[in-house]
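What follows is each chain in one-letter form.
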Amino acid sequence: MKELRPNPQSSDPAPFLAELHRVAKGGLLSRTALEELAASLQTPLADLYSAASFYHYFKLDGDEPLGEGVCRGPVCSLSGITARAHFDLPSISCPGLCDQAPARYDRGDFSSAASSDGGFRLPHRANGEEALFHHIRAPDRRLESYRRNDGYGMLLNLVQNKSDDDAFAALQASGLSGRGGAAFPLALKWRAVRDAEGSPKYVVCNADEGEPGTFKDRPILHLQPHLLLEAMAIAGYLAGANVGIIYLRYEYPRAYDVLAKAIGEAEEEGLLGSNVGGSSFCFQIHIRRGAGSYVCGEESALLNSLEGRRPWPRERPPYPTSRGLWGRPTVVNNVETLCFVPLILRHGADWFGSLGRGGSSGTKIYSVSGRVCRPGNFELPVGISARELIMDYAGGPPSGRSLKAFTLGGISGGLLASEHLSLSLDYRSPAKHGVFLGSGGVIVLDDQCCVVDFVRSCVLFYEAESCGKCTPCRIGTVRLRELLDGLTGRGNLPSGVRQQMEKISDTMGASSACGLGQSVPLVVSGMGRFFAEELREHTQRKCRAGVCRF
Amino acid sequence: MKGKARIDGRSVDCVPGQSIVAAAKGIGIAIPTLCYDPRVEPSATCRLCLVKVKGRRLPVAACAHALEPEMEVTSEDPDLESWRRTILALALSENPAAECRRCAEIGPCELHALAKKLAVSPVFQGAASGRFKEDSNPFIRRDYEQCIYCYRCTRVCGELEQAHAIAPAGRGFKSRIATFFDGGLLESSCTFCGQCVQTCPTGALMDKKMLGKARATEATKVRSVCPFCGTGCGIELHVARGRVIGVTPDWNAPVNQGSLCVKGQFGLDFIHSPERLTTPLIRRNGKLTAATWDEAYGLIVGKFQQIKDESGPGAFALWSSSRGTSESNYLMQKFARAVIGTNNIDNCART
Ligand SMILES: Cc1cc2nc3c(=O)[nH]c(=O)nc-3n(C[C@H](O)[C@H](O)[C@H](O)COP(=O)(O)O)c2cc1C
Ligand code: SF4
C-alpha cells in the first residue's frame, strides 16, 4: 500500500470522519458539502464519495433519508423478542442494545422498547471479585470518584518514575490477551510498536463494538471513561506514542459526550495533554465517531476509515504494529483489553492470574442476550462454564422453556448446543468444538426458537456488513442467505442445498481476507453439525419450532 | 532481502518486493488471477491466487504478498483447486458466459476464458448485483451486470492514470463502480484513455465503437504503431473483412506497456471515414477542386520558387510533424537547409 501522510497543514491526526459528521446535515451529505470537503482534504471527489457512501448512517443527496428504523438482527429477531409493531420501518444493523431488545433508531439516537436505560444500564453484579466493574458502580462518573480509587495513579507513577521495564514485565506475566476477538497478547503488541521504526506512533482504541450480541464495552464507555483514558495514556507512554484516538461506534452517541467531558476534565488536571503529571510526556486523545459499519471494527479497516479511505480491510502482514495509521506503528486495542492495564499495574500479575479459573487468568466481560431471564453484562472469571454463565447468572431460558442452542463470540465465535453447556469459557477449550470465545457475547436460543431461522438472520447480518472486497464473501454471503431463505420458507429451495452451503462456507472460511468472511462458516457449520436433524426437517419444509412458515 | 524460496518444490531466487504471482510466472507457473494487474497496487479481491505458505494457518493471496527467503509455497493442491472452483462458480452466478458480449464480439474475456480452462460451470444461482449504467459518452459502455468487482478499473483510473474519475461506492453486494454522485463519465474527470476498458476482465466495460462490427472469430489482430503522436505507442489493430474495427493496446510494446490515450484508443475510426481526402485539392476561384499529384507539386514548386526569388530563403519557416517518421523528419530539415537554404525549421514534438 502506498505511503500516505496526514494533511501536513492540519494538526488533526484523522480529520476525515469528524469533517464528514460536521458537514452532514441530519445525516445527509450534499454534493456541495462533499465538493468543499474534497478541496480542503485534498482528496479526489470520486474517492471521497467512495469512502462516504460506505457507511450506513451517511446518506448522500438522492438517497432515501433514514429517519427511523428497527433492529431485525440475530437477537432482536428471536421469537419472543421480535418487535411486533413497526413492520413498515427499515432495518438497522445491531446497535448493541441486545440486552434490552428490541432496539430502535430515531434520528440519531438509539433506544429500546423494553427499557429506558440504553447505554447507561448497570451491569449485573457477580458473586466473585469484579475488576473492571468495580470502577463502574461508583455513584458518579466524575474524575474525583475515579481518583479516590487510585485512578491515574499508575500513569503518574510511570511517567514520574519511568518504570517501563517493570510495567512491561507485569503485563507480560499477566498473560493479558486481546478481548476484541483475536486474543493476541497485549505485551507483545506494545513491545512491537515500541521497537518498530517510524514516527509518529499512535494508540488507537477500538470502541466500534459492532458484533451482534456483544455490548460489553458499552458500560465502560458510558459509566467509567477515565479507566479507559488512563489505560490509553499508559499505552502511549510504554509504546512511545503521543496521540491516542478512540474509534467510537456511531451507535453509542451518549458515550461520545461522556468521553469528551472526561478528556476535558483530565486535561484540566494535567493528567492528559501536554506534560502529563508535570513530566515531559505529552498525550492527546481524540474521539472519532464511526458512521455505522461492522467491518470498521476490524482493525485494518478501522485504520482505513480513520484515514478517509474506503474502509475495507488491508492484506496482512504488515500488521498495524509496524504499518498502522498513516503507515506508522500503531497499537490497536479493544476497550476492555486496555482497561485491565492500570489494574494489572496496580495489583500485579499474580492478582490478575488469581481472577481466572482452571489455568486461565483474569476476568472477562460476558454479554448474555436472547432467551434468558436476566440478559446483560457479567464480569466473571475466564474459564467459567457456559452453564454457570447462562443458567445461573443469566437465569437460563424463561420458565417452562428449555435451552436449545447458544453462540460464542456474538455470532462470530460459532454455534453450540445444550450438550455443550459444560464447556469452559476460556481461550483454549472452545477450539475443540471448532468454536471461539471471541468477544465474549453469548446469545441463547430456547426451544421456541428455530436454529435455521437464527442462522439465516446471522448470515443476513454478514451480508449487510460485508465490505464487498472479497469475491467469496461479497457473493457468498448472498448465496448462503438465499439458500437459507429457501430453507426457512422465504424462497425456493434448490436440491443439494446442504452441499451448496457447505461448499460456499468452506471456501469463504479459507479464502476471505478478514475475520468477517472467515467467521461466516462457523454458525453455518454449527447448524450442520449439532442441529443436523432440525436442518434436515427444513429441507422437507418442516419447522419444529413453528417459526418458519412454508 | 536476497535468498531462495520454493514454489511447488522448485527453487526460486527472491527479488525484494516481488509478489509470489510474479515470481511464479517467472518460472512458468501460472497462478490463476482475475483482479491482478501488475501495473497497479494489488487489491487481492478475487482471492483466486490463493496459495498455501508453509507455517501459515490460512492461505495467502499471492498477488499481495512478496516472495520471501525460505518461503515454501504450494500453488496447486486439491484444497486450492476446490476453493478456486467455488469462487469462480460464485462469480459465474452473477455473470454467466452465455451473456458475455465481450466474448462474442471482441474476444474471450478473462473470466470466461479461465472458467473454460478450469471447466467450471455456474452451479450457484441467485440475484445479480450490478446494473447497466446509461452513459451518453461516445466511447465506453458501462454494463455492470457483467461486473465481478475486481476493482481493476478503479485502481488503473486512480493510480496509473491519476484521473480519479471512478471509484468503488456503496458496500458489500451493493457495491458499485461510480463517479462522484454516480454521474456520467462526461461530467467526471475521465480523460477517456480507455484503460479501464482494457484492464476489465469481463464485458462490464467495453469499447462502444467495437460493438456490432463483427464476431470475435472473424477478426485478426495486426501489430502497429499509433499514428497520432511522436510517443509511438504500440497498438493492435483488430481487422475484419478488410476493415479496421477497433484498437487494443500492445501490452508488450516497450513504450506504453498497454497504456494508450484517448486518440490512440478511440480516434482511429478516421481510417474508414468517408470524409477523408483521396486526391490533392487546389483552390481555384475560391473553391477547392480535385487535382492530380503532378498538378499539385507543379503549383507548390512554382510558388516556392517565386517566394524565394522575391523575398529570399529567410521568408520560409518549416514546421514538421511528429506523426512523421524520424526519416521523413530528417528529410524535412534537409529540404529546409539544402533546398530552401534556411535554418527556420522546427518540429511539434519539441514543445
Ligand atoms: C469483522 C470484524 C469486526 C471486529 N470488530 C471489533 C470490534 O468491534 N471491537 C474490537 O475491539 N475488535 C473488533 N475486531 C477485532 C479487531 O480486528 C482487533 O483484533 C482488535 O481490535 C484488537 O484488539 P485486542 O487485541 O485488544 O482485542 C473485529 C474483527 C473483525 C474481523
Ligand atoms: S472477508 Fe468480507 S468483509 Fe472481510 S475483507 Fe473480504 S469482503 Fe470484506
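Basis of the calculations
- Along each chain, residues carry numbers from 1 onward, in the same order as the chain's sequence is written.
- Key to labels: chains lettered from A, ligands numbered from 1, both in the order written.
- Only residues with pLDDT of 70 or above have their local features reported here, since the model is predicted, and side-chain atom pairs are shown and tallied only from 80 upward, although totals for entire chains, interfaces and linings are computed over all residues.
- Note that water and hydrogens are dropped before the side-chain values are worked out from all heavy atoms of the structure.
- For this analysis, residues touch if any pair of their heavy atoms sits within 4.5 Å.
- Buried area is a sum: the accessible area each of two parts loses on coming together, probed at 1.4 Å, counted once for each and added.
- Throughout this description, the term salt bridge denotes a Lys or Arg side-chain nitrogen within 4 Å of a carboxyl oxygen of Asp or Glu.
- Comment: elements are numbered from the N terminus, with helices defined as DSSP H or I runs of at least four residues and strands as E runs of at least two.
- In this analysis an axis means a line fitted to C-alpha atoms, helices contributing only their contacting stretch, and an angle means the value between N-to-C directions, from 0 to 180 degrees.
- Should an angle fall under 35 degrees it is taken as roughly parallel, and over 145 as roughly antiparallel, whereas 65 to 115 is taken as roughly perpendicular and any remaining angle as oblique.
- Rotating anticlockwise by less than a right angle from the far helix to the near helix defines a left-handed crossing, while the corresponding clockwise rotation defines a right-handed one.
- As a working rule, the residues Ala, Val, Leu, Ile, Met, Phe, Trp, Tyr, Cys and Pro are called nonpolar, Asp, Glu, Lys and Arg charged, and the rest polar, with Gly in that last group.
- Nonpolar side chains (Val, Leu, Ile, Met, Phe, Trp, Tyr) are joined into patches within 5 Å and like charges within 9 Å, using only residues with over 30% relative accessible area and no salt bridge.
- Note that accessible areas follow from Shrake-Rupley with a 1.4 Å probe, and for residues the cover is restricted to the protein chains shown.
- Strands are labelled as partners when DSSP assigns at least two bridges between them.
- Being near a molecule or strand, for a residue, comes down to having at least one heavy atom within 4 Å of it.
- Every helix has an expected span of 1.5 Å times one less than the residues it contains.
- Each residue is assigned to one of three classes by its accessible area relative to the maximum for its type, calculated with a 1.4 Å probe on protein chains only: buried under 20%, partly exposed between the two thresholds, exposed over 50%.
- A 3.5 Å cut-off defines polar contacts: any pair of N or O atoms within that distance qualifies, except that in protein one atom must be a possible hydrogen donor and the other a possible acceptor, and neighbouring residues in sequence count only when both atoms are side-chain atoms.
- What counts as a domain boundary in this text is fixed by an automatic or database domain assignment.

Engineer: Describe the interface of chain A and chain B, with residues and values.
Structural biologist: Between chain A and chain B, the contact holds 50 residues from the first and 48 residues from the second. Between chain A and chain B lies a buried interface of about 3,900 Å² when both sides are counted; carbon and sulfur atoms form 58% of it. Between the two partners, chain A and chain B, sit 2 salt bridges. The salt bridge involving Arg47(B) is made with Glu315(A); its shortest N-O contact spans 2.9 Å. Put simply, the parts of the chain that give the side of chain A that touches chain B at least two residues each are helix 2 (31-41), helix 3 (45-52), helix 15 (451-465), helix 16 (471-487) and helix 17 (497-511) of chain A.

Engineer: Requested: an account of the packing of helix 17 of chain A against helix 2 (residues 78-94) of chain B, with residues and values cited.
Structural biologist: In a pair of packed helices, the angle between the axes and the distance between the axes together describe the arrangement. Packing of helix 17 of chain A against helix 2 of chain B leaves a shortest axis separation of 9 Å and a crossing angle of 110 degrees. The orientation of helix 17 of chain A with respect to helix 2 of chain B, classified from their angle, is roughly perpendicular. Crossing angle aside, the handedness with which helix 17 of chain A passes helix 2 of chain B is left-handed. Here helix 17 of chain A contributes Lys503(A), Ile504(A), Asp506(A), Thr507(A), Ala510(A) and Ser511(A) to the contact with helix 2 of chain B, which in turn contributes Ser82(B), Trp83(B), Thr86(B), Ile87(B) and Leu90(B). Split by residue class, the contact of helix 17 of chain A with helix 2 of chain B holds 5 nonpolar, 4 polar and 2 charged.

Engineer: Any chance you could break down a nonpolar patch on the surface for me, citing the residues and the numbers?
Structural biologist: Side chains of Trp293(B), Tyr297(B), Ile300(B) and Phe304(B) sit close together on the surface and give an oily, nonpolar patch of about 440 Å² of accessible area. Summarising the element assignment, Tyr297(B) is placed in helix 8 (residues 293-311).

Engineer: With reference to specific residues and values, describe the sheet that holds strand 3 (residues 68-71) of chain A.
Structural biologist: All names here are of chain A. Taken together, 4 strands build an open sheet; the order of strands is 4-3-5-6 and the sheet is mixed. Strands at the two margins of the open sheet, each flanked by one partner only, are strand 4 (91-92) and strand 6 (109-112). Looking at chain direction, strand 3 and strand 4 are connected through 2 bridges and run parallel. Residue pairing in the sheet places Val70 in a bridge with Ser91 of strand 4.

Engineer: Just give me the short version of the site of ligand 2, but keep the residues and values in it.
Structural biologist: Taken together, the neighbourhood of ligand 2 is formed by 13 residues, with Cys467(A), Cys470(A), Cys473(A), Cys514(A) and Gly517(A) sitting nearest. A breakdown of the residues in the shell around ligand 2 according to their chemical character gives 8 nonpolar, 4 polar and 1 charged.

Engineer: Any chance you could break down helix 12 (residues 335-347) of chain A for me, citing the residues and the numbers?
Structural biologist: Residues and elements named next belong to chain A. Relative to the 18 Å expected for 13 residues at 1.5 Å per residue, helix 12 spans 19 Å between its end C-alpha atoms, a close match to the ideal helical length. Most of helix 12 sits out of view: 12 of its 13 residues are buried. Those residues of helix 12 not exposed but buried are Val335, Glu336, Thr337, Leu338, Cys339, Phe340, Val341, Pro342, Leu343, Ile344, Leu345 and Arg346. Capping the start of helix 12, Asn334 holds a side-chain oxygen 2.9 Å from the backbone nitrogen of Glu336, two or three residues further along. Phi turns positive, to about 95 degrees, at Gly348, one or two residues after helix 12.

Engineer: Outline the site of ligand 1, listing residues and values.
Structural biologist: Residues and elements named next belong to chain A. As a structural note, the neighbourhood of ligand 1 is formed by 20 residues, with Gly180, Glu209, Asn333, Asn334 and Thr337 the closest of them. Within the backbone of Arg179, an N or O atom sits 3.2 Å from an oxygen atom of ligand 1. In this structure, Asn206 approaches ligand 1 through a side-chain N or O atom, which is 2.9 Å from an oxygen atom. The set of elements that each furnish at least two residues to the shell around ligand 1 consists of strand 10 (330-334) and helix 18 (515-530). No other element matches the 3 residues that strand 10 contributes to the shell around ligand 1. The residue makeup of the shell around ligand 1, split by class, is 4 nonpolar, 10 polar and 6 charged.

Engineer: Let's hear about the pairing of strand 14 (residues 403-408) of chain A: which residues, and what values?
Structural biologist: Residues and elements named next belong to chain A. Of all 6 residues making up strand 14, 6 are buried, and the element is well covered by its neighbours. The sheet contact formed by strand 14 and strand 17 (residues 441-446) spans 3 bridges and is antiparallel. What sits directly across from Ala405, in strand 17, is Leu445. Here strand 14 pairs with strand 15 (residues 414-417) via 4 bridges, running antiparallel. Its bridge partner lying in strand 15, Thr407 is registered against Leu415.

Engineer: Tell me about the domain arrangement of chain A, and please be specific about residues and values.
Structural biologist: Residue and element names in this part refer to chain A. As assigned here, chain A comprises domain 1 (68-112), domain 2 (143-353), domain 3 (363-446) and domain 4 (451-539). Between the C-alpha centres of domain 3 and domain 4 the distance comes to 22 Å. Listed as interface residues are 17 residues of domain 3 and, on the opposing side, 15 residues of domain 4. It is Lys404, Ile411 and Leu415 that lose the most area in domain 3 upon contact with domain 4, and together they represent 47% of the buried surface on that side. Where domain 3 meets domain 4, there are 1 salt bridge. For Glu534, the salt bridge is made with Lys404, and the minimal N-O distance between the two is 2.9 Å. Summed over the shared surface of domain 3 and domain 4, the number is 4 residue pairs in polar contact (both at pLDDT 80 or more). Listed by contribution, the elements that provide at least two residues to the side of domain 3 that touches domain 4 are strand 14, strand 15 and strand 17. In terms of residue count, the dominant contributor to the side of domain 3 that touches domain 4 is strand 15 (4 residues).

Engineer: Just give me the short version of the pattern of salt bridges, but keep the residues and values in it.
Structural biologist: All names here are of chain A. Summed over all chains, the structure comprises 54 salt bridges over all chains. Linking Arg142 and Glu144 is a salt bridge whose minimum nitrogen-to-oxygen distance equals 2.8 Å. What makes Arg142 partly exposed here is its relative accessible area of 38%. Between Arg481 and Asp485 there is a salt bridge; the shortest N-O distance is 2.8 Å.

Engineer: Describe the side chain of Ser412(A), naming the residues involved and giving the relevant values.
Structural biologist: Residues and elements named next belong to chain A. Considering the arrangement of structural elements, one finds Ser412 in the loop between strand 14 and strand 15. A relative accessible area of 14% places Ser412 in the buried class. Polar contacts involving the side chain of Ser412 include one to the side chain of Tyr462, which spans 2.8 Å. Apart from the residues within four sequence positions on either side, Ser412 is in contact with Glu211, Tyr294, Tyr462, Ser519 and Leu522.

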